[in-house]
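# Close look at the chain arrangement
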Amino acid sequence: MSLSKIHEIASTLENEYVRKWKSEGNAVIGHACIAMPKEVAEAGRILPFRLRGAENADTSTADSYLSRYNCSLCRSCLELVLNGSYDFLDGLVRIRGCDHWMGTFDEIQHAKNPEFMHYLKVPHLVNEDTLDFFSNEIKRLKEAFENRFGVEITEDEIVRYAKVQDKINKKMREFYRLRFKKSRFYGSDAIAIMVARESLPSEAFLPLLESAMAEKKKVEYRAKVLLAGSPLDEIELIRKIEEMGALIVAETTCFGGGSFWNMAEYDGSEIYEFLASKYLNNLKICARMFGEYAYRKNFIKTIAEEAEVDGVILQHNKFCDLFGIENAKLRIDLEREGLPTLVLEKEYASTADIGRIKTRVQAFLERLKR
Amino acid sequence: MLFGGTDVGSLTAQAVLLEDSKIVGYRNIRVLPNPVESAKKVMGELLEEIGVNQDEVVIFSTGYGREKLVEAGFAREHVSEISCHGRGAFWLNSAIRTIIDIGGQDAKVVRIDENGNLTNFVMNDKCAAGTGRFLEIQAKALGLTLDELGDMTFRASNPVAITARCSIYAETEVLHYMQRRFAKEDIAAGVNRSMAERIYYLARRVGVEREVTLTGGVAKNRGVKQELEKILGVKFVDLGVDPQIVGALGAAIFAMEKYGGE
Amino acid sequence: MTSLPGLVKRSYDLIKTIERLENYTPMEVEGLYRIVGKDLGQSAKALLDERHDGAGLHFMRVIARHIAEAVEAKEDGKKVILIPFNFPPELIHAFENAVPLTTEVISTIGVTTLEGQGEPYWDYAMSLGIPDYVCSANTIELGSALMSVETLELAPDIIISGAPGSCDANSKIHEFVAEYLDIPELTIDKTGSGKRDYELYRKLFLNMVKELEEFVGEDIDEDKIIEVMERANECTELYWELHELKKHSPCPVPNMFTLFTYGTRFTMWGRDEAISMFEKLVDVAEKRLKRGEYPAEKEIARSLWVYTGYYIDLYDLWIWMENNGITYLTDGLNSFFPAQFEIETKEDALEAIISSAWNYPMTRQMGADNMGIRWFEDLTHVGKELNANCAIYCGHHSCKQTQSVFRIFRDEANKIGIPVLRLDGDAWNRRITPVSVLQEMILDFVQNVVTKRRRRRRR
């Protein structure tokens, strides 16, 4: 039951929990990156809701703002902002996840000029100076929330929510391991769970996750595959790939394991320093973090080994510079190290693309002799 | 027991029949609007020609609509055209390690090992550059048939440079050269060379190991073939069959390998 | 085809030949255009055009020096430091044992002077799996650098990445090359355009200088860096003199001087070569002003190119425009707003360099808190100063940042009555949109939008 509830949440934007949350007088803010420190928002009874494309392929209005040389996921999200699908949000936190997202937020400001759009600045490097900078940025975010929404965000509350996040992350790792060796869930279920997490208050999500984990399935497949690359929330696409026999048993993407697998647990230290280190270090899974290629390659290899996968799909949306280049390097290195890879360049939620994707996945499975 | 394969492409569809590990017949037609109908028609004509009933044949499908043929109960299983080209070419000549297949709307480079197993592949199917469609557009602009276009390479003295990647802009270039009264042979040879260059860089993504063969409709273009041999520094192995049937043949071989023991 | 040497090696040979051109008669040079092939012929014709009065040749010498120094440094065991265009080369010039090599400049030289342009190198990068939508300005030179594993190209010893926070493609492909060639990379980061962002940028920059000193095995000498910065100040003064000259109509500063300006800035700033280059540019423009020279009957359009220009055909674009009365006033790359600095210590010098880097084109606009607004404000400021009557965006397809906020630029520009043309093509790759198509669009815009507006305004 919980799993179908989760799929329902993943297929709607303003879900029932959000409506309830809002009816209780709480705020919801939109963001688009896993660098967003959720516990700071939640400590102020503000729900961090992650923007996603919701499998929307119509970008006709957005295309008159962004160009056709921009990422189709960003264009899809912008379309949803412009057509009012995200009107339930009480504001936005912008992060320069990549150049495309940066432009998207510029265009949102230009077209809609939202009353609240805070810029959380996230460095592209991890070192003493950037960590120090980022902890100040998180403090500024807290102050911006307090000023805008008239709430008080205490350190104790942040710590309390950090511990809730720890609990969820731990549970998510347990859930992941149910997919690794003897797979008991489909990748499409996993993506739905991840999407739901990004759309619900933590306290509502945890029990849903726990009961969904009890709904183990018998899973059929030809080969076990790890999914890496750019942000992917397309449940339908994963379902189609899995119908062909390529079972996705893990994701290193930010709508997947990348959002929690390496996330540090609260260690009792000064909370802002801790959060800066927690989020910036975890962000190394994203190709936007420079000088961390080896970290990402090792992350993929570690998960691939533990999950005993047959191959890796390295996907990215067309025009994604970060993952397009990253995937070229990963393909060379992983193949050299004996891990078969398939580079998949795609357009977000495009039905016209599905034939090409299927031919490649089928050939990849045949290559894996599955 | 007979084994059959069908391969539906964007412009043409093929069927092949095997019996006792021998090709007993093949057929190549222009496609109908619906890929399922195309496969049924081409296989139907072939069966009629050979004089066998469809229920005596195990059919595997590949190409466009390959899954639908299985759903419709026409084919037993479907295999990707990438594997089929690899298997078909290897069966015809076991020295083959690289297959370059250029069809109407896609181009692919397939690598196989010493057992004929697929080891890697790369495919271009998003735009017309580097596909048969590219040649078709340029041939039309030049007022030539596809065959004539291919032969022009051998009559040219100074091929022009076609630099545009996009086939629409390449057409503009072709028209531009025609207006400036460049020899048709030289423009056509430039088109063939430009096509070969696109394929060359696609091939480099997976590497080219000998022996190499060229399949698909564009393999019949002598000009592109020669330019590609020059640029790759290899001599293509002639498989001794119509280069367009290799995909359908591969599908038939997969059927034979899987159900031949029944 | 695969054994073609890399860009630096090939350009080095070629440029040595160009240096000898001065001794030839105009007729001999004309004859040369015909022998050297179309690609170089077009560039040579453009660079050596009479209106430049020797400035084009002078520029080639500056670039030749830049390339030769890298080649010779390698032979002498000095370090070759690959830098992106948005990194001030004067810092590297302050070292005794290191020389800079600027990615995008090498790409541009490859595109403008080599037969086959940058295509073989772009293709080489493609064959490694780099997607075709990644910026060609980087892909061409870096594709060439990748060939150094096959000893076909000069290998850089270290890479500086200066674009995180302003350009993903630039930063990412530099990272790819560093990883692929297994050489170290030093990275700075621009998190935004505020005070705190500057503080972080400054800290990271100073750390990078320390690491660079360690790598080169030499502490930057105070006297040397002060000397470099004094020369940089002279360059700045001359840059603004040239800027002033551009205010005249018809514009006495030829279109291509903009390219010569930033080509010099990105390679030789802080060196005598740069000073003499700028002196030459100012001198030629002043003479032209005195004589009232302009290549067309009338100056119809004073165009502000809001991003880069096209480098795929210097003659049929830059010179052609001028011959048709279209002045190329300046562009985004040329808008680096150099400042004079008072330098008494090494610390002063480093602070000045950091401030220059922070204000570099692209870094300043695309690394701002709001890319669209900063881009618009900076460029229209320049446009107003130079009395531009139209703006042209080259629509370099792989620049995701300018592409994403072009709408903002256009809407804001329209509010203040500046017509904007959006072209669609690749600045470094002619395979995307042919020159003839670009010409048509520019002419159409100038004749139907710009001149009509002028007429309306007069009435």
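Model, not experiment: these values are computed from the prediction.

Reading guide: rules and limits
Residues numbered from 1 in each chain as written. Chains lettered and ligands numbered in written order. Predicted model: local features only at pLDDT ≥ 70, side-chain atom pairs only at ≥ 80, totals over all residues. Domains from an automatic or database assignment. Contact = placed C-beta atoms within 7 Å. Helix = DSSP H or I, 4+ residues; strand = E, 2+ residues; numbered from the N terminus. Nonpolar A, V, L, I, M, F, W, Y, C, P; charged D, E, K, R; others polar. Buried ≥ 20, exposed ≤ 12 C-beta atoms within 10 Å, placed from the backbone. Pairing = 2+ DSSP bridges. Right-handed = clockwise from strand over helix to strand, strands pointing away. Expected span 1.5 Å × (residues − 1).

Residues and elements named next belong to chain C. Along its sequence, chain C is organised into domain 1 (7-216) and domain 2 (291-458). Facing the 40 residues of domain 1 at the interface are 32 residues of domain 2. Elements with a minimum of two residues in the side of domain 1 that touches domain 2: α3 (38-47), α5 (90-93), α6 (103-113), α8 (136-146) and α10 (195-216). No other element matches the six residues that α10 contributes to the side of domain 1 that touches domain 2. Looking at side-chain class alone, the side of domain 1 that touches domain 2 contains 19 nonpolar, 15 polar and six charged residues.

On any regular strand, side chains alternate: one points to one face of the sheet, the next to the other face. Residues and elements named next belong to chain A. Most of strand β6 (residues 246-251) is tucked away, with six of its six residues classed as buried. Note that strand β5 (residues 223-229) and β6 share five bridges and pair parallel. Its bridge partner lying in β6, Val-225 is registered against Ile-248. Crossover connection from β5 via helix α10 (residues 235-243) to parallel β6: handedness right-handed.

Here we come to the environment of A:Ser259. Residues and elements named next belong to chain A. The topology assignment puts Ser-259 in the loop between β6 and α11 (271-282). Exposure remark for Ser-259: the 22 C-beta atoms within 10 Å place this residue in the buried category. In sequence terms Ser-259 and Ser-11 are 248 residues apart; their C-alpha atoms lie 20 Å from each other.

At the interface, eleven residues of chain C touch eleven residues of chain B. Here the element with the most residues in the side of chain C that touches chain B is helix α7 (residues 119-127) of chain C; it accounts for three residues. A breakdown of the residues in the side of chain C that touches chain B according to their chemical character gives four nonpolar, four polar and three charged.

What follows covers helix α12 (residues 256-268) of chain C. Residues and elements named next belong to chain C. Along its 13 residues, α12 runs 18 Å from first to last C-alpha, staying within 8% of the 18 Å computed at 1.5 Å per residue. Across the 13 residues that make up α12, a large majority, 13, are buried. Taken from the residues just after α12, Gly-270 is the one with a positive phi, measuring 90°.

Another point: unusual backbone geometry. Omega for the bond connecting B:Arg210 with B:Glu211 falls within 30 degrees of zero, at -10°, which places this linkage in the cis form. Between C:Ser249 and the following residue, C:Pro250, the backbone shows a cis peptide bond with an omega angle of -5°. Here C:Pro250 is to be found in the loop between α11 (222-245) and α12. With phi around 55°, A:Arg45 is a residue other than glycine that occupies positive phi space.

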